[in-house]
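Chain by chain, the residues:
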Amino acid sequence: MPGHCNINRDCKLKPISNFYKNIKGEAIQYVGIAIDEEKRLERIRISDVPKISLLEKYGYTEKMAFDLCKKYDLLSPIYDFAPRGGCWFCPNARDCELRHLRNNHRVLWNNLLALENTPNLIGDKWNTLTQTSIHDKEEQFFWEDRQMTIFDYLETKVIRI
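The structure presented is a predicted model; accordingly, all values stated were derived computationally and were not measured. Every chain's residues receive numbers from 1 upward, in the order its sequence appears when written. It should be noted that, the model being predicted, local features are given only for residues of pLDDT at least 70 and side-chain atom pairs only at 80 or more, the latter also being counted only at that level, while totals for whole chains, interfaces and linings use all residues. Based on all heavy atoms of the structure, the side-chain values leave hydrogens and waters out of the count.

A. Spotlight on the packing of aromatic side chains. In this analysis, rings of Phe, Tyr and Trp, with Trp reduced to its six-membered ring, are considered paired at centre separations within 6.5 Å, and the interplanar angle assigns stacked below 30 degrees, edge-to-face beyond 60, and tilted for intermediate values. Under the criterion given, the structure shown has 4 aromatic pairs. Ring geometry for Phe66 and Tyr79: centres 5.5 Å apart, planes at 75°, overall edge-to-face. Within this pair, whereas Phe66 is found in helix H4 (residues 62–71), its partner Tyr79 is found in the loop between H4 and helix H5 (95–104), the two being separated by 13 residues in sequence. Residue exposure (1.4 Å probe, protein chains only): buried if accessible area is under 20% of the type maximum, exposed if over 50%, otherwise partly exposed. For Phe66, a relative accessible area of 32% corresponds to the partly exposed category. Summarising the aromatic geometry, the rings of Trp109 and Phe141 are spaced 6.0 Å apart at their centres and angled 45° between planes, so their arrangement reads as tilted. With Trp109 in helix H6 (residues 106–117) and Phe141 in helix H7 (residues 134–146), this residue pair connects regions lying 32 residues apart in the sequence. Seen from the ring of Phe142, Arg146 lies directly overhead, with NZ or CZ sitting 3.6 Å from the centre. Secondary structure follows DSSP: runs of H or I at least 4 residues long count as helices, runs of E at least 2 residues long count as strands, and numbering of each begins at the N terminus. Charge over a ring is defined by NZ of Lys or CZ of Arg lying within 6 Å of the ring centre and within 35 degrees of the ring normal.

What follows is the structure, given as structure tokens:
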């Protein structure tokens with residue numbers, strides 16, 4: 001699973017591809033690929049469906065597009081705590097995304113823990129690349145939440161003097 005988003009492929013790209021196969025006449029697909037995303041731009045040039053990147057057309061980098069979206073309050077709230085967004089059950093989620101899920105959406109977090117306990121469903125590792133389970137992350141976050149900082153330690157020393 002890690003590194004391959006089947007949701008994106010099956011739920012987004014496949015229906016778009018089917019749409020283009022079923023329409024009459026020529027169509028152009030407009031995509032949001034920035035000028036500093038050379039590999040992605042190369043892929044759209046060899047596509048079956050003609051594609052135009054408006055970000056490329058107007059000379060926008062990813063950062064410029066991000067800043068423009070921020071200026072007009074168009075960013076997803078996920079950008080408050082993570083550099084990228086994805087599904088709540090994504091095995092590629094970063095710790096900041098998993099921690100946010102655990103702290104703010106406990107029901108969904110508990111669903112992940114339960115899914116991992118279901119035999120023959122996902123295996124014993126949520127993320128096979130990092131060899132970690134959701135239970136591993138639960139334990140990591142549990143202990144991180146209880147970890148004392150150097151400032152906490154110094155404060156206890158000052159109070160005792």
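Resuming the write-up.
B. Region of interest: the nonpolar core. Note on terminology: a nonpolar core comprises buried Ala, Val, Leu, Ile, Met, Phe, Trp, Tyr and Cys residues joined through side-chain atoms within 4.5 Å. Judged by nonpolar contacts, Ala93, Leu98, Leu101, Trp109, Leu112, Leu113, Trp126, Ile134 and Phe141 together constitute the single largest core of 9 residues. Only H5, H6 and H7 provide two or more residues apiece to this core. Considering every element that reaches this core, the biggest residue donor is H6, with 3 residues. Not counting residues up to four positions away in its chain, the partners in contact with Trp109 are Leu98, Leu101, Arg102, Ile134, Lys137, Glu138 and Phe141. What makes two residues a contact is simply this: any of their non-hydrogen atoms within 4.5 Å.

As far as function goes, none of this settles anything; it's purely spatial.
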